[in-house]
Amino acid sequence: MVIYGVALLAGCMLAGLIIGDVLGQMLGIDANLGGVGIAMLLLIFVTGYLKDRGKLPETTESGINFWNAMYIPIVVAMAASQNVAAAFSGGMVAILAGVLAVVLGLALVPVLTGKKVDDASPLESAPTTPSGH
Amino acid sequence: MNDSIVSLVDKYHLIAAFAVVGLTMYIAYWLSRHLTAGRLHGSAIAIIIGLALAYVGGVSTGGSKGLSDVTLFSGLGLMGGGMLRDLAIIATAYGVRFQEIKKAGLRGVIALFLGVLVSFVAGAAVAIGFGYTDPVDITTIAAGAVTYIVGPVTGATLGASSEVIALSIAAGLVKSILTMIATPLTARLIGLDNPRSAMIFGGLIGTTSGVAAGLAATDARLVPYGAMTATFYTGLGILLAPTVLFLAVRAIF
């Protein structure tokens, strides 16, 4: 059933967020430390385990794939609810600080990636293209 | 008649948001195909339209949640809010190969630490350049350049003034919004086309909304890799900025 997939996704999310919360508390910070990332890893492992045993029927999968496909629309809604006006009313200090952080971050991507990227191109094997082309 | 339509749309705000976003996507993909011949990805255009609408909404209502502060579009706040966004981000991990993550894991962790440090230093340098000399002010603005959550949390911990905290939030918002727009435009230049560079990108930039939208606009298949590292970034920033990094700033000034 489709709901099994959605429930699996929700369960991984809740478990990940709880772990992230505990991690944050252990380090004494008032924040969730990587809960979403942990949830992603949980989903990868749990679905991998179920798939290997043939316990992940297509209908269950479609419950996860629906939310996967909703990702870009959700991001568009997120963009539309950003506080863009405040970003531009912060003055030059805020704008320059933000711009410099992005420019330096982007510039460092190729530095850290290194030249040897031939072992890192599994994109054609991706199961879905959420944008729907 | 008009009133009843407005109140109906307001009552079914999430459903209205689905329709509005669907229409936006349709227009964006149409523009992508016919005006840019597919060179600028439809999702990139949709995100830019979203940001433009958010600006209009913010200016016209004076609220802090972009277009979703307009009553008719309040569902956008729920649809694009943290809860559904994180659910969808996690869903993108379905089908990801763990080996790819393991292979880039160490570089991803290095990228995380370097990313927080570089953004902090960039913010601090700008703050100092504009004449701030109080270590609390410098640290708060610098933390804002990490993310718009790290900034106010750090400022609150250190007891910064509300103007400086507002400034740090603005710096983080600029970073997030610029990431959404600049990522698809620079992706080819910085080699952002494989899981490894996506994980490094997520660690270096870190601001979740920026990374999420930036990668969506570049290649949606890269999203899980970038999001994976980026979700640790804000936590790491909150851990480092008010402690180690603040002490470092205070030692210098």
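Residues numbered from 1 in each chain as written. Chains lettered and ligands numbered in written order. Predicted model: local features only at pLDDT ≥ 70, side-chain atom pairs only at ≥ 80, totals over all residues. Heavy atoms only, no water.

**Things to note about the domain arrangement of chain B**
Residues and elements named next belong to chain B.
Here is step 1 of the chain: Taken as a whole, chain B is organised into domain 1 (2–80) and domain 2 (98–252).
Here is step 2 of the chain: The centre of domain 1, based on its C-alpha atoms, is set 26 Å off from the matching centre of domain 2.
Here is step 3 of the chain: Taken together, the contact between domain 1 and domain 2 spans seven residues of the former and nine residues of the latter.
Here is step 4 of the chain: With both sides pooled, the region where domain 1 packs onto domain 2 buries about 540 Å², and carbon together with sulfur makes up 84% of that total. (Domains from an automatic or database assignment. Contact = heavy atoms within 4.5 Å. Buried area = accessible area lost by both parts, 1.4 Å probe.)

**A closer look at the UniProt feature "transmembrane region" (unreviewed entry) in chain B**
Here is step 1 of the chain: Under the UniProt annotation, the feature "transmembrane region" (unreviewed entry) is placed at residues 12–31, 43–60, 72–96, 108–132, 138–158, 165–186, 198–218 and 230–252 of chain B.
Here is step 2 of the chain: Across residues 43–60 of chain B, helical content stands at 100% and strand content at 0%; the span's end C-alpha atoms are separated by 25 Å. (UniProt positions renumbered as here; feature names shortened; annotations may be inferred. Helix = DSSP H or I, 4+ residues; strand = E, 2+ residues; numbered from the N terminus.)

**What about the nonpolar core?**
Most often, soluble globular proteins keep nonpolar side chains buried together rather than apart.
Here is step 1 of the chain: Ranked by size, the top nonpolar core spans 83 residues in total, and within it A:Met40, A:Trp67, A:Tyr71, B:Ile47, B:Ile90, B:Leu192 and B:Phe201 carry the most contacts.
Here is step 2 of the chain: For this core, the element with the most residues is helix α4 (residues 71–80) of chain A, which contributes nine residues.
Here is step 3 of the chain: Sequence-distant contacts of B:Ile90, that is, excluding residues within four places in its chain, are made with A:Leu9, A:Met13, A:Val36, A:Ala39, A:Met40 and A:Leu43.
Here is step 4 of the chain: Within the second largest apolar cluster, 19 residues are counted, among which are A:Ala31, B:Phe120, B:Ala124 and B:Leu240. (Core = buried A, V, L, I, M, F, W, Y, C linked by side-chain atoms within 4.5 Å. Buried < 20%, exposed > 50% of the residue type's maximum accessible area, 1.4 Å probe, protein only.)

**Remarks on the interface of chain B and chain A**
Here is step 1 of the chain: Between chain B and chain A, the contact holds 100 residues from the first and 81 residues from the second.
Here is step 2 of the chain: Both faces considered, chain B and chain A share a buried interface measuring about 7,800 Å² in area, 80% of it formed by carbon and sulfur atoms.
Here is step 3 of the chain: The interface formed by chain B and chain A holds eight residue pairs in polar contact (both at pLDDT 80 or more) in total.
Here is step 4 of the chain: Split into classes, the residues belonging to the side of chain B that touches chain A amount to 65 nonpolar, 23 polar and 12 charged. (Polar contact = N/O pair within 3.5 Å; in protein donor to acceptor, adjacent residues only side chain to side chain. Nonpolar A, V, L, I, M, F, W, Y, C, P; charged D, E, K, R; others polar.)

**A short note on the domain arrangement of chain A**
Here is step 1 of the chain: Structurally, chain A comprises domain 1 (1–82) and domain 2 (83–114).
Here is step 2 of the chain: The gap between the C-alpha centroids of domain 1 of chain A and domain 2 of chain A is 29 Å.

**Some points on the UniProt feature "domain: Malonate/sodium symporter MadM subunit N-terminal" (unreviewed entry) in chain B**
Here is step 1 of the chain: The UniProt feature table records "domain: Malonate/sodium symporter MadM subunit N-terminal" (unreviewed entry) at residues 6–253 of chain B.
Here is step 2 of the chain: Its end C-alpha atoms 56 Å apart, residues 6–253 of chain B is made of 78% helix and 0% strand.

**Overview of helix α9 (residues 162–186) of chain B**
Here is step 1 of the chain: For α9(B), built from 25 residues, the straight-helix expectation of 36 Å at 1.5 Å per residue is met to within 8% by its first-to-last C-alpha distance of 35 Å.
Here is step 2 of the chain: At B:Thr179, α9(B) shows its maximal bend, which comes to roughly 35°. (Expected span 1.5 Å × (residues − 1). Bend = angle between axes of the 7 residues up to and from the residue.)

**Some thoughts on the UniProt feature "transmembrane region" (unreviewed entry) in chain A**
All names here are of chain A.
Here is step 1 of the chain: When the UniProt feature table is mapped onto this chain numbering, "transmembrane region" (unreviewed entry) sits at residues 34–50, 62–80 and 86–109.
Here is step 2 of the chain: Annotated as residues 62–80, this span is 95% helix and 0% strand, and its ends, taken at the C-alpha atoms, are 27 Å apart.
Here is step 3 of the chain: As a span, residues 86–109 carries 96% helix and 0% strand, and end to end its C-alpha atoms are 28 Å apart.

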